[in-house]
Amino acid sequence: MSSPPVAPPGWSRWLVPPAALSVHLSIGQAYAWSVFKPPLESALHLDGTQSALPFQLAIVMLGLSAAFGGTLVERNGPRWAMTVALVCFSSGFLISALGAQTQQYWLIVLGYGFVGGIGLGIGYISPVSTLMKWFPDRPGMATGIAIMGFGGGALIASPWSAQMLESFGTGHSGIALAFLVHGLVYAVFMTLGVLLVRVPRPDGRTKSGTDTAAVGVQVSARSALRTPQFWFLWVVLCTNVTAGIGILEKAAPMITDFFADSSTPVSVSAAAGFVALLSAANMAGRIGWSSTSDLIGRKNIYRVYLGVGALMYLVLALFGDTSKPLFVLCALVVLSFYGGGFATVPAYLKDLFGTYQVGAIHGRLLTAWSTAGVLGPLIVNWIADRQEGAGKHGPALYGLSFSIMIGLLLVGFVANELIRPVHPRHHVPAPKEAPDAQREQPA
C-alpha cells in the first residue's frame with residue numbers, strides 16, 4: 001500500500017479525527033462480544049469458557065500485534081495501517097460467519113480471535129502518531145477523540161447486534177448472517193477513514209497556522225525500551241487498567257452482591273443499566289480527562305487517576321454497601337479514569353519521547369493492557385470465588401480484592417512520581433533532519 005497522500009494547502013486538520021474515529025468505532029465492537037455468547041453457547045453447544053475464547057484471543061492478539069506491528073505502522077504510515085486493520089477485522093467476521101454456518105467453532109476462534117485480533121491491534125495504534133503530529137498543541141484531546149471511539153463502539157454494536165440476532169434468529173445460520181453483515185458494514189465504514197486520512201505537509205504548517213513539525217525531544221522505539229521512563233509508565237498504565245477492568249468485567253454481579261441483603265436488592269435490569277452507565281463513563285473519560293491533561297499536564301492527570309482512584313476504592317470498601325448512589329458514583333469515577341488513562345497515555349509518550357516512532361512505542365506499551373486484562377479479572381474473580389467457598393457473601397466477597405486494587409494504584413502513583421525527562425543520551429534527531437536516523441529503527 002502506498003503512503004497516504006500529504007495534505008494539500010488549506011486542508012483542515014479537523015478531518016483527521018473523524019478518519020481515526022471511523023476505525024476506532026468499528027473495532028470497538030470487541031466490547032460487545034458478550035451479545036454473541038448466549039446464542040453461540042446454545043447453537044454450538046459451548047460452555048461459558050469456550051464462548052469467551054474468541055474475545056480473549058482477540059485481546060491477546062491486540063496487545064501482541066500492537067507491540068510487534070508498531071514499527072511497521074510508523075514506517076508505512078496511517079493509510080497502510082488502517083487498510084491492514086480493515087482487511088483483518090472484516091475478514092475475521094467473514095471467517096467467523098463461515099464457521100458459524102458450518103458449525104465449526106474453531107473457525108470462529110481463528111477468525112474473530114486471531115485474524116480479527118490483529119486488526120484490533122493495528123487499528124488501535126494506526127492513527128496515534130498522525131493525530132499528535134497534526135495536533136502538537138492539543139495531543140491529549142486529539143487522541144482522546146479517536147480512542148473514545150474504541151470505548152464507545154460497543155454502545156452502537158450491542159443494540160445493533162442484538163437487533164440482527166432477533167431478526168435473523170439465534171441459530172447457527174442467524175449468527176452466521178449477523179457476522180457477515182458486521183464484516184461488510186465495518187469494511188465500508190472503515191474505508192471512509194482509509195480514504196480520508198492525510199499526513200501533515202513537510203513544511204509543518206496546517207490551515208489553522210499551527211506548526212506540526214517535529215520539535216524537541218525525539219527518541220526511537222528501540223531506545224525508549226532502554227529508559228526507566230518507559231517502564232515506569234508501563235507500571236502506571238497496567239495498574240490503572242487493572243483497577244478499572246476489575247470493576248468493568250464483573251460489574252453486574254458485583255452491584256447485585258453488594259445490595260443482595262438490603263431491603264431493595266438490585267434487579268437484573270438495573271444491573272444491566274449499571275453496566276451501560278459504566279460504558280458511558282468509560283467513553284466520556286477518554287475525551288474529558290485526556291482533554292483536561294492538555295491543560296494541567298500528563299503527570300498531574302495521572303495523579304488524579306491513581307490517587308483519587310485509590311480513594312474511590314477505599315470508599316467502596318468501607319461504605320459501598322450503605323448507599324446505591326454512592327456505590328454507582330465511585331464506580332463511575334473509577335471507570336472514567338480507566339478510559340482516560342487509555343486516551344492520555346499516547347500524549348504522555350509524546351511528551352517523553354516525541355512524535356518520532358511514538359506509534360511503535362505506544363504499541364509496545366499496550367502489553368501493559370494485555371497484562372492488566374488478565375490480572376484485573378483474575379484478582380476479583382479468584383478472590384470472590386475463594387471467599388464464597390469460605391461461606392462469605394455480599395460485600396465480603398470483594399473486600400480483599402478492593403484492598404489489593406488500592407495497593408496497586410498506590411504503586412502506580414509512586415511510579416508516576418518517579419517519571420522524569422528522558423536523558424539526552426537517548427535522543428535522536430528527527431527523521432527529516434537526519435536521514436541516517438532510520439538505522440535507529442528497531443528490527
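See the structure printed just above.
Reading the values: the criteria
- Residues numbered from 1 in each chain as written.
- Predicted model: local features only at pLDDT ≥ 70, side-chain atom pairs only at ≥ 80, totals over all residues.
- Heavy atoms only, no water.
- Helix = DSSP H or I, 4+ residues; strand = E, 2+ residues; numbered from the N terminus.
- Rg over C-alpha atoms; globule rule 2.2 N^0.38 Å.
- Contact = heavy atoms within 4.5 Å.
- Areas by Shrake-Rupley, 256 points an atom, 1.4 Å probe, with all protein chains shown as cover.
- Expected span 1.5 Å × (residues − 1).
- Bend = angle between axes of the 7 residues up to and from the residue.
- Polar contact = N/O pair within 3.5 Å; in protein donor to acceptor, adjacent residues only side chain to side chain.
- 1 Å grid on protein atoms, 1.4 Å probe; cavity = no way out; pocket = protein on both sides within 12 Å on 5 of 7 lines; lining within 4 Å.
- Points joined across faces, edges and corners; volume = space filled by probe spheres on them.
- Nonpolar A, V, L, I, M, F, W, Y, C, P; charged D, E, K, R; others polar.
- Phe/Tyr/Trp six-rings, centres within 6.5 Å; stacked < 30°, edge-to-face > 60°.
- Buried < 20%, exposed > 50% of the residue type's maximum accessible area, 1.4 Å probe, protein only.
- Patch = residues over 30% accessible without salt bridge, like charges linked within 9 Å, V, L, I, M, F, W, Y side chains within 5 Å.
- Salt bridge = Lys/Arg side-chain N within 4 Å of Asp/Glu carboxyl O.
- Axes fitted to C-alpha atoms, helices over the stretch in contact; angles between N-to-C directions.
- Parallel < 35°, antiparallel > 145°, perpendicular 65-115°, else oblique.
- Left-handed = near helix turned anticlockwise from the far one by under 90°.

**So, the overall build of the protein**
No. 1: When helices and strands are tallied, the protein shows 17 helices and zero strands.
No. 2: Against the 2.2 N^0.38 benchmark of 22 Å for 443 residues, the protein shows a C-alpha radius of gyration of 22 Å, consistent with a compact globule.
No. 3: Summarising its shape, the C-alpha atoms of the protein cover approximately 65 × 50 × 35 Å along the three principal directions.
No. 4: The contacts of the protein with a sequence gap of at least 6 include a subset with a gap of at least 24, amounting to 84%.
No. 5: Here the protein has roughly 17,100 Å² of accessible surface; of this, 67% comes from carbon and sulfur atoms.

**Observations regarding helix H3 (residues 48-76)**
No. 1: Here H3 contains 29 residues, and its C-alpha end-to-end distance of 40 Å stays within 8% of the 42 Å for a straight helix at 1.5 Å per residue.
No. 2: In the structure, H3 departs most strongly from a straight axis at glycine 69, where the bend amounts to approximately 55°.
No. 3: The N-capping residue of H3, defined by a side-chain oxygen 2.7 Å from the backbone nitrogen of glutamine 50, is aspartate 47.
No. 4: The positive-phi residue at the C-terminal boundary of H3 is glycine 77, with phi of around 95°.

**Quick word on unusual backbone geometry**
No. 1: Of note in the backbone geometry, histidine 45 takes a positive phi value of approximately 60° without being a glycine.
No. 2: Relative to the helices and strands, histidine 45 resides in the loop between helix H2 (37-44) and H3.
No. 3: Phi at glutamine 357 takes a positive value of approximately 60°, unusual for a residue other than glycine.
No. 4: Along the chain, glutamine 357 turns up in the loop between helix H14 (324-353) and helix H15 (358-365).

**Observations regarding empty space enclosed by the protein**
No. 1: Applying the stated criterion to the full structure yields one cavity of 30 Å³ or more.
No. 2: In this model, the largest cavity occupies a volume close to 50 Å³.
No. 3: Contributing to the lining of the largest cavity are Asn240, Ala243, Gly244, Tyr305, Gly309, Tyr313, Val334, Phe337, Tyr338 and Leu409.
No. 4: Of all the secondary structure elements, the ones that give two or more residues to the lining of the largest cavity are helix H10 (228-248), helix H13 (298-319) and H14.
No. 5: Of the residues belonging to the lining of the largest cavity, the class tally is seven nonpolar, three polar and no charged.

**Quick notes on the layout of surface pockets**
No. 1: Considering only enclosed or pocket space, the largest pocket measures out at about 1,300 Å³ in volume.
No. 2: Lining the largest pocket are 39 residues, with Tyr31, Ser34, Phe55, Leu248 and Glu249 positioned closest to its centre.
No. 3: Residue assignment for the lining of the largest pocket shows that the elements contributing at least two residues are H3, helix H7 (139-168), H10, helix H11 (251-258), helix H12 (268-296) and helix H16 (367-389).
No. 4: Among the elements that make up the lining of the largest pocket, the one with the highest residue count is H16 (nine residues).
No. 5: Among the residues making up the lining of the largest pocket, the classes are represented as 25 nonpolar, ten polar and four charged.

**As for the packing of aromatic side chains**
No. 1: Considering all chains together, one arrives at 30 aromatic pairs under this definition.
No. 2: Between tryptophan 11 and tryptophan 134 the ring centres are 5.7 Å apart and the planes differ by 45°, which places this aromatic pair in the tilted class. Of this pair, tryptophan 11 sits in the segment before helix H1 (16-27) while tryptophan 134 sits in helix H6 (residues 128-134), and the two are 123 residues apart along the sequence. Here the two residues tryptophan 11 and tryptophan 134 agree in accessibility, since each one is buried.

**A closer look at a nonpolar patch on the surface**
No. 1: A grouping of Leu94, Phe168, Leu177, Leu180 and Leu184 is seen on the molecular surface, where their side chains present a nonpolar patch of about 390 Å² in accessible area.
No. 2: Considering each element in turn, the nonpolar patch owes the most residues, three residues, to helix H8 (residues 172-196).
No. 3: Summarising the element assignment, phenylalanine 168 is placed in helix H7.
No. 4: For phenylalanine 168, a relative accessible area of 34% gives the class partly exposed.

**Some thoughts on the side chain of threonine 242**
No. 1: Note that threonine 242 resides in helix H10.
No. 2: In this structure the side chain of threonine 242 is engaged in a polar contact, spanning 2.6 Å, whose partner is the backbone oxygen of cysteine 238.
No. 3: Apart from the residues lying within four places of it in its own chain, the contact partners of threonine 242 are Ala372, Leu375, Gly376, Ile379, Met405 and Leu408.

**Description of the packing of H10 against H15**
No. 1: Put simply, H10 and H15 touch, their axes get as near as 10 Å, and they point 50° apart. Relative to H15, the element H10 lies oblique. As for the relative orientation of H10 and H15, their crossing is right-handed in sense. In this structure, H10 uses Phe230, Leu233, Trp234 and Leu237 to contact H15, whose residues at the interface are Ile361, Arg364 and Leu365.
No. 2: The residue inventory of the contact of H10 with H15, partitioned by class, reads six nonpolar, no polar and one charged.

**Some points on the pattern of salt bridges**
No. 1: With the rule as written, the count across this model stands at six salt bridges.
No. 2: The residue aspartate 137 makes a salt bridge to arginine 138 at a minimum N-O spacing of 3.8 Å.
No. 3: Classification of aspartate 137 as partly exposed rests on a relative accessible area of 39%.
No. 4: The residue aspartate 294 makes a salt bridge to arginine 298 at a minimum N-O spacing of 2.7 Å.

Function cannot be inferred from these measures alone, as they are strictly geometric.
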